[in-house]
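# Overview (structure and organization)
Read off the chains here:
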Amino acid sequence: MRDHGGPPPLTLDAALTEEWLTGFLRDEMTRRGFGKAVVGISGGVDSAVTAALAVRALGAENVIGVRLPYRTSSTESLEHAQLVIDALGIESRTIDISAAVDGYLANEPDADGGRRGNVMARTRMIALFDLSARYRALPLGTGNKTERLFGYFTWHADDSPPINPIGDLYKTQVWQLARHLEVPDVIVSKPPTADLIVGQTDENDLGISYARADEILNGLLHGYSHEALLARGFGEDELQLVSRRLNGTHWKRRPPATALVSQSGIGESYLRPVDY
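Below is a short write-up of the structure. (Residues numbered from 1 in each chain as written. Predicted model: local features only at pLDDT ≥ 70, side-chain atom pairs only at ≥ 80, totals over all residues. Heavy atoms only, no water.)

## Here's the deal with the overall build of the chain
From N to C terminus, the chain includes 12 helices and 4 strands. Taking 19 Å as the expected radius of gyration for a compact globule of 276 residues, we find that the chain reaches 19 Å, a close match to that expectation. By its C-alpha atoms, the chain is 55 × 50 × 45 Å across when sized along the principal axes. Across the 276 residues in the chain, those meeting the buried criterion constitute 47%. Counting contacts in the chain only where the partners sit at least 6 residues apart, residues at least 24 apart contribute 74% of the total. For the chain, the computed accessible surface area is about 14,300 Å², with 52% contributed by carbon and sulfur atoms. (Helix = DSSP H or I, 4+ residues; strand = E, 2+ residues; numbered from the N terminus. Rg over C-alpha atoms; globule rule 2.2 N^0.38 Å. Buried < 20%, exposed > 50% of the residue type's maximum accessible area, 1.4 Å probe, protein only. Contact = heavy atoms within 4.5 Å. Areas by Shrake-Rupley, 256 points an atom, 1.4 Å probe, with all protein chains shown as cover.)

## Here we look at the sheet that holds strand β1 (residues 36-40)
In a beta sheet, neighbouring strands pair by backbone hydrogen bonds and run either parallel or antiparallel. Taken in spatial order, the 4 strands make up an open sheet running β3-β2-β1-β4, and their pairing is parallel. With partners counted over all chains shown, the strands left at the sheet margins are β3 (91-94) and β4 (137-139), one partner each. Put simply, the sheet's adjacent strands are angled 25° from each other on average, direction ignored. Alignment of β1 against β4, held across 3 bridges, turns out to be parallel. Each bridged residue has a counterpart across the sheet, and for alanine 37 the counterpart in β4 is leucine 138. (Pairing = 2+ DSSP bridges. Axes fitted to C-alpha atoms, helices over the stretch in contact; angles between N-to-C directions.)

## Let's talk about the packing of helix α4 (residues 98-105) against helix α5 (residues 113-135)
The N-to-C vectors of α4 and α5 enclose an angle of 135°; their axes lie 10 Å apart at closest approach. As far as their axial angle goes, α5 and α4 are oblique. Note on packing geometry: the crossing formed by α4 with α5 is right-handed. Where α4 abuts α5, its residues Ala100, Val101, Asp102, Tyr104 and Leu105 lie against Arg116, Val119, Met120 and Thr123. Its residues assigned to classes, the contact of α4 with α5 shows 6 nonpolar, 1 polar and 2 charged. (Parallel < 35°, antiparallel > 145°, perpendicular 65-115°, else oblique. Left-handed = near helix turned anticlockwise from the far one by under 90°. Nonpolar A, V, L, I, M, F, W, Y, C, P; charged D, E, K, R; others polar.)

## Description of the nonpolar core
Ranked by size, the top nonpolar core spans 54 residues in total, and within it Val49 and Leu177 carry the most contacts. In terms of residue count, helix α2 (residues 45-58) provides more of this core than any other element does, 10 residues in total. Each residue touching leucine 177, except ones within four places of it in the same chain, is listed here: Leu12, Ala14, Thr17, Glu18, Leu21, Val49, Leu53 and Leu169. By size, the runner-up hydrophobic cluster in this structure holds 18 residues, among which are Val38, Ile64, Val119 and Met120. (Core = buried A, V, L, I, M, F, W, Y, C linked by side-chain atoms within 4.5 Å.)

## Comments concerning the pattern of salt bridges
Applying the stated rule across the entire model yields 8 salt bridges. Close ionic contact of arginine 31 with glutamate 28 constitutes a salt bridge, the shortest N to O distance being 3.8 Å. Highlighted residues: arginine 31 and glutamate 28, both in helix α1 (residues 14-32), separated by 3 residues, approximately one helical turn. When its relative accessible area of 41% is taken as the criterion, arginine 31 is described as partly exposed. The exposure class assigned to glutamate 28 is buried, which follows from its relative accessible area of 16%. (Salt bridge = Lys/Arg side-chain N within 4 Å of Asp/Glu carboxyl O.)

## Observations regarding the environment of isoleucine 163
Topologically, isoleucine 163 is positioned in the loop between α6 (145-150) and α7 (171-180). Among the residues examined, isoleucine 163 registers a relative accessible area of 1% and is labelled buried. A C-alpha to C-alpha distance of 23 Å links isoleucine 163 and asparagine 218, two positions 55 residues apart in sequence. Setting aside its immediate chain neighbours within four residues, isoleucine 163 contacts Phe24, Leu25, Glu28, Met29, Arg32, Leu138, Pro139, Leu140 and Gly141.

As structure tokens, this is what we get:
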């Protein structure tokens, strides 16, 4: 039963969501003049759901799945990515990014794990956009709403693709949709990881579970105050953690700030719904 005193529930109508998102993909691809999509398949649930939606929207013959391992990437991630590719019956490529990443980092031997991970993520996006030119296939984004609100992504990498079908789904909702789309359970049930650092997991990085984070974010975005969420049973520490991440990462969710010198600044004063 819905709690009418609280924010909207996070439970999805998965069939309706699938219908809406596949329609979105078809419309947006057509608007841009593309019939094929390229998806980076990481072995995680987000890219698996994105690829499954693309297949339903465009047909398996029009989706290219790309595995982009680095030399320290988990073998499990590669295996799970192949599970998705095989289950969907899509064309695939595997491109090892180690030489490209190491070639740059040879000039930055003191780079820490965060910097190294960002170089990997941006190198992967270079590969996806280059392959999009080869196949005339638009890259699709795979970032979920929780990651985007937390700023838990590499700027100008994971957020670069022009179309993202799952960007308004919290992580817990992606899991719901994944089960509906019959993503292999081993992928849905494993701890999420960006796999940029050995042993890394999302929830360890974030310091909170996705289940708790999504409930708090859902409350905050629907206007519930800090005090109201405390009264609903959330802890002070977790509310502070979520609020700090949400409020400190607005810049990652906006396009570059452009200095206006005219009355027709793109995206500022020039307010066409779609800038062709």
